Amino acid sequence: MGLIVQKYGGTSVATPERIKHVARRVVNTKVAGNDVVVVVSAPGDTTDHLIELAKQVNERPPAREMDMLLATGEQISIALLAMAIHAIGHSAISLTGAQVRILTDGVHTKARILEVDRERIHRELARGNIVIVAGFQGVTPDNEITTLGRGGSDVTAVALASALDAQACEIYTDVEGVYTADPRIVPEAKKLDFVSFDEILEMASSGAVVLQTRAAEYAKQYNVPLHIRSTFSEAEGTRIGEVTAMEKVRVVTAVAHDRNVAKITITDVPDVPGIAHRLFSAIAAKHINVDMIVQSASREGVTDISFTVAATDGEAAAEVAQEVAREIGASGVMWEGGVAKISIVGAGMVTNPGVAAKMFGALAQEGINIQLISTSEIKVSCIIDEKDVERAVRAVHRAFNLDQIDRV
Ligand code: ADP
Ligand code: ASP
Ligand code: MG
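This report concerns the structure included in the present document.

Procedures and definitions
- Residues numbered from 1 in each chain as written.
- Chains lettered and ligands numbered in written order.
- Predicted model: local features only at pLDDT ≥ 70, side-chain atom pairs only at ≥ 80, totals over all residues.
- Heavy atoms only, no water.
- Helix = DSSP H or I, 4+ residues; strand = E, 2+ residues; numbered from the N terminus.
- Rg over C-alpha atoms; globule rule 2.2 N^0.38 Å.
- Buried < 20%, exposed > 50% of the residue type's maximum accessible area, 1.4 Å probe, protein only.
- Areas by Shrake-Rupley, 256 points an atom, 1.4 Å probe, with all protein chains shown as cover.
- Lys, Arg positive; Asp, Glu negative; His and termini not counted.
- Charge placed at Lys NZ, Arg CZ, Asp CG, Glu CD.
- Near = heavy atom within 4 Å.
- Polar contact = N/O pair within 3.5 Å; in protein donor to acceptor, adjacent residues only side chain to side chain.
- Nonpolar A, V, L, I, M, F, W, Y, C, P; charged D, E, K, R; others polar.

**Description of the overall build of the protein**
When helices and strands are tallied, the protein shows twelve helices and 18 strands. For 408 residues, the compact-globule formula gives about 22 Å, and the C-alpha radius of gyration of the protein, at 22 Å, lands near that figure. In terms of its C-alpha atoms, the protein occupies a principal-axis envelope of roughly 75 × 50 × 35 Å. Looking at the protein residue by residue over its 408 residues, the buried ones come to 52%. Per element, the accessible surface of the protein, about 18,100 Å² overall, is 51% carbon and sulfur. Of the side-chain charges in the protein, 40 are positive and 52 negative, and the distance between the mean point of each set is 4 Å.

Listed below in structure tokens is the structure:
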């Protein structure tokens, strides 16, 4: 008997039938003798629809009100799931982030969890309840409702598993686990039985939405092993944890892609100390995360600086860049959408030369132009034209024979 945290994503609770199915799975876990805490996302495309709705009344809605709106999506799922569990004769209680007291900072639409209050959840479990918590939302110490960034229900699940010292944290989704590439784009992608914390973090931050980046970060930081599984099958899924000596280190584990990318270039930046600091501090002050940064070679005392941010931050980042460009006397700012990032991730890359070259070769053979490159010890990323991204993912997947990976 232990405490198990289960998280069900939007597709898993998209219809009344699916909610009933989830109710049965949750009850089975409870009947097997476990305490169960369930985290759910908003049904189906509810969050996207809410964002659309907001845009119809205000092109740039205030972030506080956006959170007020978006938090309602998860509230639908928790209530319906609790009702479905009651309908099959078990007791359950739904709780919002504020009722649990999932305390966050005040950065609306991308808040960070500061602390999780365990008291209410323990009290409800002790009463024999299955506890259903709204994912993706929290509350500031001043009782302002916040959300944790898109895909943030994963973060709620990992934070609860860590705070409650859960025996397992199971993430139920609409695919059978973590694959060597998005299986919707690469049909021959292989499911991986095990992925290390480092690899899932790099995959997530490269666009593999199967686990949200900050959830991967928390899992690694607080050593919360995860089990990613399908809501709709009994397949074993993918385990995520610390690498042990037993685990075979793969050169390349997966190809990831991200369409949510904007590239911003500031042209003719004076090549003097302190400029990069000025630009990127101004962007950080707006809570915008910068991903890749490239500075061209200096010519006649000026350089160009290009960087990428999430497309959803593109406009705000370009505005900041424009202000800074004016102050420092740069000639202009270009903001390009229509780009995407393709990355290869693998823990064994660091000791195997030629990996990046092979990736570039696969792209060249497809006639795909690379606009920016960045590398880390276990990742190589390229910015390319968005229209080429699916072809690129398939070509790179093929070049590394990932469809033939033995299932370690
Ligand atoms: P949920 O609503 O359950 O959180 P998401 O849509 O956020 O589900 O994440 C699951 C999706 O992640 C899959 O449907 C799949 O298209 C996508 N995905 C991207 N990369 C991968 C990958 N490497 N392995 C598995 N799924 C991936
Ligand atoms: N409903 C939120 C979203 O669509 C959170 C989540 O699904 O994890 O981003
Ligand atoms: Mg998700």
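Now, onward.
**Section: the site of ligand 2**
Around ligand 2 sit S41, A42, T47, E74, F136, R150, G151, G152 and S153, and that is every residue in its neighbourhood. The contact in question runs from a nitrogen atom of ligand 2 to an N or O atom on the side chain of T47, over 2.8 Å. Within the contact set of ligand 2, an oxygen atom lies 3.0 Å away from a backbone nitrogen or oxygen of S153. Calculation on ligand 2 without its partners gives an accessible area of 270 Å², and the protein chains cover 87% of this total. Residue composition of the shell around ligand 2, by class: two nonpolar, five polar and two charged.

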